[in-house]
Structure formats: C-alpha cells, structure tokens
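Single-letter residue listing:
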Amino acid sequence: MSGRPTDLPLSGITVVSVEQAVAAPFATRQLADLGARVIKVERPGGGDFARRYDTTVHGESSYFVWLNRSKESITLDLKTDAGREVLERLLAEADVFVQNLAPGAAARLGLAPEALAERFPSLIAAGLSGYGTSGPWADRKAYDLLVQCQTGLVSLTGNEHGTARAGVSVADIAAGMYLYSGILTALFTRATTGVARAVEVSLFEALAEWMHQPAYYTRYGGTQPPRIGTRHATIAPYGAFTAADGKDVLFSIQNEREWAALCERFLERPALAADPRFATGSDRVAHREELDALVAERFAELDSRAAGKLLDEAGIANAGVNDMTEFLAHPVLDARERWRDVRIPGGAQVPALLPPADLSGTSPRMDAVPAVGEHTAGILAELGYGPADIDALRARQVI
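Read on for a plain summary of the structure. (Residues numbered from 1 in each chain as written. Predicted model: local features only at pLDDT ≥ 70, side-chain atom pairs only at ≥ 80, totals over all residues. Heavy atoms only, no water.)

Notes on the packing of aromatic side chains
And then number 1: Within this structure, the stated rule accounts for 12 aromatic pairs.
And then number 2: Note on Tyr131 and Phe204: the rings are 5.6 Å apart at their centroids and 45 degrees apart in plane angle, and the pair reads as tilted. Here Tyr131, found in the loop between strand 5 (124-129) and helix 6 (144-150), pairs with Phe204, found in helix 8 (residues 203-210); they are 73 residues apart in sequence, far enough to count as distant.
And then number 3: By relative accessible area, which is 27% here, Phe204 ends up partly exposed.
And then number 4: Arranged with centres 5.5 Å apart and planes meeting at 10 degrees, the rings of Phe241 and Phe299 form a pair that is stacked. Placement of the pair is Phe241 in strand 7 (residues 238-242) and Phe299 in helix 12 (residues 288-299), with a sequence separation of 58 residues. One exposure class covers both Phe241 and Phe299, and it is buried.
And then number 5: Members of the aromatic cluster, connected to one another through ring pairs, are Phe26, Phe49, Tyr53, Tyr63 and Trp66. (Phe/Tyr/Trp six-rings, centres within 6.5 Å; stacked < 30°, edge-to-face > 60°. Helix = DSSP H or I, 4+ residues; strand = E, 2+ residues; numbered from the N terminus. Buried < 20%, exposed > 50% of the residue type's maximum accessible area, 1.4 Å probe, protein only.)

Details of the packing of helix 1 (residues 23-33) against helix 7 (residues 170-193)
And then number 1: Packing of helix 1 against helix 7 brings their axes to within 7 Å, and their N-to-C directions diverge by 45 degrees. Taken together, the axes of helix 1 and helix 7 are oblique relative to one another. In the crossing of helix 1 with helix 7, the sense of the turn from one axis to the other is right-handed. On helix 7, the residues touching Ala23, Ala24, Phe26, Ala27, Gln30 and Leu31 of helix 1 are Asp172, Ile173, Ala175, Gly176, Met177, Leu179, Tyr180, Ile183 and Leu184.
And then number 2: Counted by class, the contact of helix 1 with helix 7 contains 12 nonpolar, two polar and one charged residues. (Axes fitted to C-alpha atoms, helices over the stretch in contact; angles between N-to-C directions. Parallel < 35°, antiparallel > 145°, perpendicular 65-115°, else oblique. Left-handed = near helix turned anticlockwise from the far one by under 90°. Contact = heavy atoms within 4.5 Å. Nonpolar A, V, L, I, M, F, W, Y, C, P; charged D, E, K, R; others polar.)

Structural notes on the sheet that holds strand 8 (residues 248-252)
And then number 1: With respect to topology, three strands assemble into an open sheet ordered 7-8-9, the strand pairing being antiparallel. Each edge of the open sheet is held by one strand with a lone partner, namely strand 7 and strand 9 (318-320). For this sheet, the mean inter-axis angle between neighbouring strands, taken without regard to orientation, is 25 degrees.
And then number 2: Relative to strand 9, strand 8 runs antiparallel, the two being bridged by three bridges. Looking at the pairing, Val249 lines up with Gly320 of strand 9. (Pairing = 2+ DSSP bridges.)

Note that all results are geometric; they support no functional claim without further evidence.
Structure representation (structure tokens):
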C-alpha cells in the first residue's frame, strides 16, 4: 500500500467496515478514493465472498477488483471473544463503522447503532440492509436481482417477448451511493454540531427511489409503462434504429424544436413536423408505430456514420450502441485520461477508471487492491499487539 494521502478531503478519517459483496464495499471504496483510511474486516481463510464471484482479472474477481482498491484488509473471526476485542479496539479509533451483515447479526454481535453509540459516542454507525431494520421484511435476505424484482424494475426492462434484469447491479449500486452520501452528510453534521448520527440504507428503498417516475405514471396513468426494449415508454421517437450497414444508432427527440429539425434535416420531410399525428410529444407516443416505421425507412437508406452525421448537424443527441469492447476503447475515456493503473493481489497492474466526480486541485487515491488479510499484522501492531500476541491469535484462527 502506498503512503496514506494527507491532501485529500477525507484524509484523517478512519473507516472500519465489516463488509462483503457489492453495496457496502462500493460506498467505502468511494470514501477511500477521497483519502479516508478504510480498514476492511474479512473472514479468516476466504475473506469477502465477492473475492470468488469470478476469476477473470488475472485470477481475481472482477467485482472485487472494482470495489476494493485503496483499502487495508484485516482478517478477524468475530464469533470469537478475541476477534470482537480487536474490533472494539479498532472502533475506539475510528470515525465511521460500516456493516452489511445478515439480518440480526449486527445486534447479536453488539454492533447495533444504539449499542455502539453508548460505547463510542463520536462514531458514525452506517448500516446497510435488504428491506430495512424494521417492518415486516426486516429479517429477509435481499440480493440485487431480488430487489430489482420487488421494486418492479424487472417488469419495465426487456421487450414484448419478456422481462430482463438490468445488466449491472443497480440495486447494490444505488444503495452504495446513498450509503456513501449519507456517511458524508453524517461526517459534516458531526463536524458542525458535534453529534454523530447513525446512517441506515436498504437496497429496497434505495432502488425504490429510482422508481418514482414509472410509479407516478402507473398511479395516475392507469397502466404501467410498457416494455419496449431500447425505445422510451413516454417519449417518441426515442430508441435504436438499424442503419444500412447493420449497425444500430440510438437517438432521442426531447422537444418540438428537435422534432422540427429531425423532420427537416434528417428525414428530409419538413411538412411532417406539422402532421397532426405527430404534433406533440403525446401525439408521437400515441402513433409510435407509424412514426418509427418512417424513421426506420430513412435509417435503411444511410450507413451508421452518415446517419450520425446528419443527426449531429440537426443538433439531435445520438450514439452508437456500443458493446463492452467498444466501450473500453471509447475516445472520451482516452482523451480525458480517465484510466489509471491499480495493482491487484499477485502484483499485476490493471486499468481502473477515475472516480467520476473531479475535485479541482486534487487527485483521487488509486492504491492497490488488498490480498485477504494483507494488513492484519500491521494493524494489530498499531493497536498494541506484540509479535507473540499476533502469533497466538493466528494459532487460534482468530485472524
């Protein structure tokens, strides 16, 4: 691990996280990006089970490499008194405690926010759950796809042939983002009032926030938005069309000015802008099939490069439908120098994207992804454990 930064916004902040999988590690990695010291507590032996989701990145998990750079890893068996004693010493020096343990586990270990507040009044306790720590589903486990289903997201994705999950872990990502912003807010509150407030986020409620628009549409429109693939349920024309060279181009019309420009500059049918079937956004949605047929006919006359050029000239947002290989070579990422090399266990260097929020005058921390338990001995030494003590803990499989 490189030297800890002293010039980043969260330098001097220590985070202890009993975390696994995606959501909580995503939140703490973003704190580490800003300079916080993140001590990741893992199970002895295997560690975070996300380490074994796959082995595609030089033998390491693509999930784990994405979510765990710039952290320190300590192994602790929290089912033992000695393991919990080490954790207590860590928490006594920490600013933030993060956990996404199974339902009820934090309370059984004495790590519920109320219990922590009594022992560590200045500690911000941040917990992530599936469906909240109260209510009828408090004891249920939750994973990303389950939450996509429960919030109705899966009923909106896919097409007329069937539903589909979102291609990335959107429930986990949403929850991780809200946990991260909640912790930042709690740190600000503590700095300005002296009060350490607990933070709670659930996967279900995080993704539920994202579902407001289709929920309103359904409640007041009488039916939910249809599944229509890359088309937009409430805007037309909006979607991907196949050009003469077989490549798809997606574009979007957002207002009447753009609609008129599309008719004149791209479709080369300026009179169509005043056609009563397509006069307003609602009219265009109501006559989507007729309109899409006209647009598709024009795309069939042009290759994808020519179609994109005409749309650009008309001032209409458009994009090729990239696969992952094309995304990796995206000219914006290269031109803006968004890639940085990060070391992973075993010593290989892999490119990682910089955090999307650029803070002027600062460079984010992009340190190594830790091996399981890599920093155990060093952290224990900081806490006052001598070599013999560490050897004894190791012999008892506490670490």
